[in-house]
Amino acid sequence: MPLVFMTYANVVFSYGADRFMAACREAGVSGVILPDLPYEEKEEFAPACRRHGVALISLIAPTSADRIVRIAAGAEGFVYLVSSLGVTGVRSAITTDLAPLVRAIRQNTRLPVAVGFGVSTPQQARQMAARADGVIVGSAIVRLLEQYGREAPPHIGAFMREMKQAIR
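S.K.: Teacher, can you tell me more about the overall build of the protein chain here?
M.R.: Looking only at helices and strands, the protein chain features eight helices and six strands. Element order for the protein chain, N to C, with α for helix and β for strand: β-α-α-β-α-β-α-β-α-β-α-β-α-α. Its C-alpha atoms give the protein chain a radius of gyration of 16 Å, near enough to 15 Å, the size a compact globule of 168 residues would have. For the protein chain, the proportion of contacts with a sequence separation of at least 24, taken over those separated by at least 6, is 58%. For the protein chain, the distance from the average position of its 18 positive side-chain charges to the average position of its 14 negative side-chain charges is 8 Å.

Structural data, given as structure tokens:
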């Protein structure tokens, strides 16, 4: 199962991109997501990623319209489609019309498209899976960790089973 690590560009920069990607590869990480890294600055980290066989995952936001072709064409691993504007976190509803974005991405890459940012319910997961190849859930899991602490694993397992059932 591929493992993708999400952190901030400054963390990787401070640690050293080459050293960080080597550690990722050694730990079995297949790709990294640096959500604060503008596509135009990806060459700061891309050479280290290539040297260590770690995909640098590209993000496309609803505001990326004029950049979709360039970002999708240069993507690796999969394309992370941001479901809505703002910071990541649980959302009560995802109202962005993602269909035109997914179409534009698919016209420019054969890589899978996964939707994330705010996906926190089985209904949202079903809605996103109908449009894309994958669904990314993060903040909802972190919320369960915060709520249950060391007792979180069975709660997270039950939550993930619900999410999985919803997208079948």
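S.K.: How should helix α8 (residues 152-167) be read in this particular structure?
M.R.: What sets the pattern is the α-helix's 3.6 residues per turn: residues three or four places apart point alike. When the terminal C-alpha atoms of α8 are compared, their 23 Å separation across 16 residues agrees well with the 22 Å that a helix rising 1.5 Å per residue should span. Regarding α8, the residues found buried are Ala152, Ile156, Phe159, Met163 and Ala166. What you see down the axis of α8 is that its buried residues fit within an arc of 85°, all on one side. Facing away from the buried side of α8 by more than 90 degrees, the exposed set consists of Pro153, Pro154, Arg161 and Gln165. Summarising the contacts, the buried residues of α8 are in contact with α6 (122-129) and α7 (139-148).

S.K.: What am I meant to see in unusual backbone geometry here?
M.R.: Even without a glycine there, the phi angle at phenylalanine 117 is positive, about 85°. Tracing the backbone shows phenylalanine 117 in the loop between β5 (113-116) and α6.

S.K.: Would you take a moment to explain helix α5 (residues 99-106) for this structure?
M.R.: Of all the positions in α5, only Leu101, Val102, Ala104 and Ile105 are classed as buried. Burial along α5 is one-sided: seen end-on, the buried residues are contained in an arc of 160°. As for α5, its buried residues are in contact with β3 (55-60), α4 (68-73), β4 (79-82) and β5.

S.K.: Help me out: how do you make sense of the pairing of β3 in this one?
M.R.: Two faces make up the sheet, and in a regular strand the side chains alternate between them. Counting buried positions along β3 yields six of six residues, so the element is predominantly enclosed. Because side chains alternate across β3, one face comprises the buried residues Ala55, Ile57 and Leu59, and the other comprises Leu56, Ser58 and Ile60, equally buried. With three bridges connecting them, strand β2 (residues 31-33) and β3 associate as parallel partners. Bridge pairing in β3 places valine 32 opposite leucine 56. In this region the chain leaves β2, passes through helix α3 (residues 46-52) and returns to the parallel neighbour β3; the handedness of that crossover is right-handed. Summarising the sheet, β3 and β4 pair through three bridges and their orientation is parallel.

S.K.: I tried to follow the environment of methionine 6 on my own but got confused; where do I start?
M.R.: Here methionine 6 is to be found in strand β1 (residues 4-6). A residue is classified by how much of its surface remains accessible, and methionine 6, at 40% relative accessible area, is partly exposed. Sequence separation between methionine 6 and isoleucine 57 is 51 residues; the distance between their C-alpha atoms is 9.5 Å. Filtering out sequence-adjacent residues up to four positions away, methionine 6 remains in contact with Ile33 and Pro35.

S.K.: Explain the pattern of salt bridges here, please?
M.R.: Close approach of charged atoms allows side chains of opposite charge to pair. The final tally for this structure, using the stated rule, is five salt bridges. Among the salt bridges present, the one from arginine 51 reaches aspartate 18, with a minimum N-O distance of 2.9 Å. With a gap of 33 residues between them, arginine 51 in helix α3 and aspartate 18 in helix α2 (residues 17-26) connect regions that are remote in the sequence. Of the charged contacts in the structure, one is a salt bridge between arginine 106 and aspartate 133, with a shortest N-O distance of 2.9 Å. Highlighted residues: arginine 106 in helix α5 and aspartate 133 in the loop between α6 and β6 (134-135), separated in sequence by 27 residues. Judged by relative accessible area, which is 40%, arginine 106 ranks as partly exposed. By relative accessible area, which is 48% here, aspartate 133 ends up partly exposed. Look at the salt bridges and you will find they share partners, linking Glu40, Arg67 and Arg70 into a network.

Rules and cut-offs
Residues numbered from 1 in each chain as written. Predicted model: local features only at pLDDT ≥ 70, side-chain atom pairs only at ≥ 80, totals over all residues. Heavy atoms only, no water. Helix = DSSP H or I, 4+ residues; strand = E, 2+ residues; numbered from the N terminus. Rg over C-alpha atoms; globule rule 2.2 N^0.38 Å. Contact = heavy atoms within 4.5 Å. Lys, Arg positive; Asp, Glu negative; His and termini not counted. Charge placed at Lys NZ, Arg CZ, Asp CG, Glu CD. Expected span 1.5 Å × (residues − 1). Buried < 20%, exposed > 50% of the residue type's maximum accessible area, 1.4 Å probe, protein only. Arc of directions from axis to C-beta. Pairing = 2+ DSSP bridges. Right-handed = clockwise from strand over helix to strand, strands pointing away. Salt bridge = Lys/Arg side-chain N within 4 Å of Asp/Glu carboxyl O.

In short, geometric facts, not functional conclusions.
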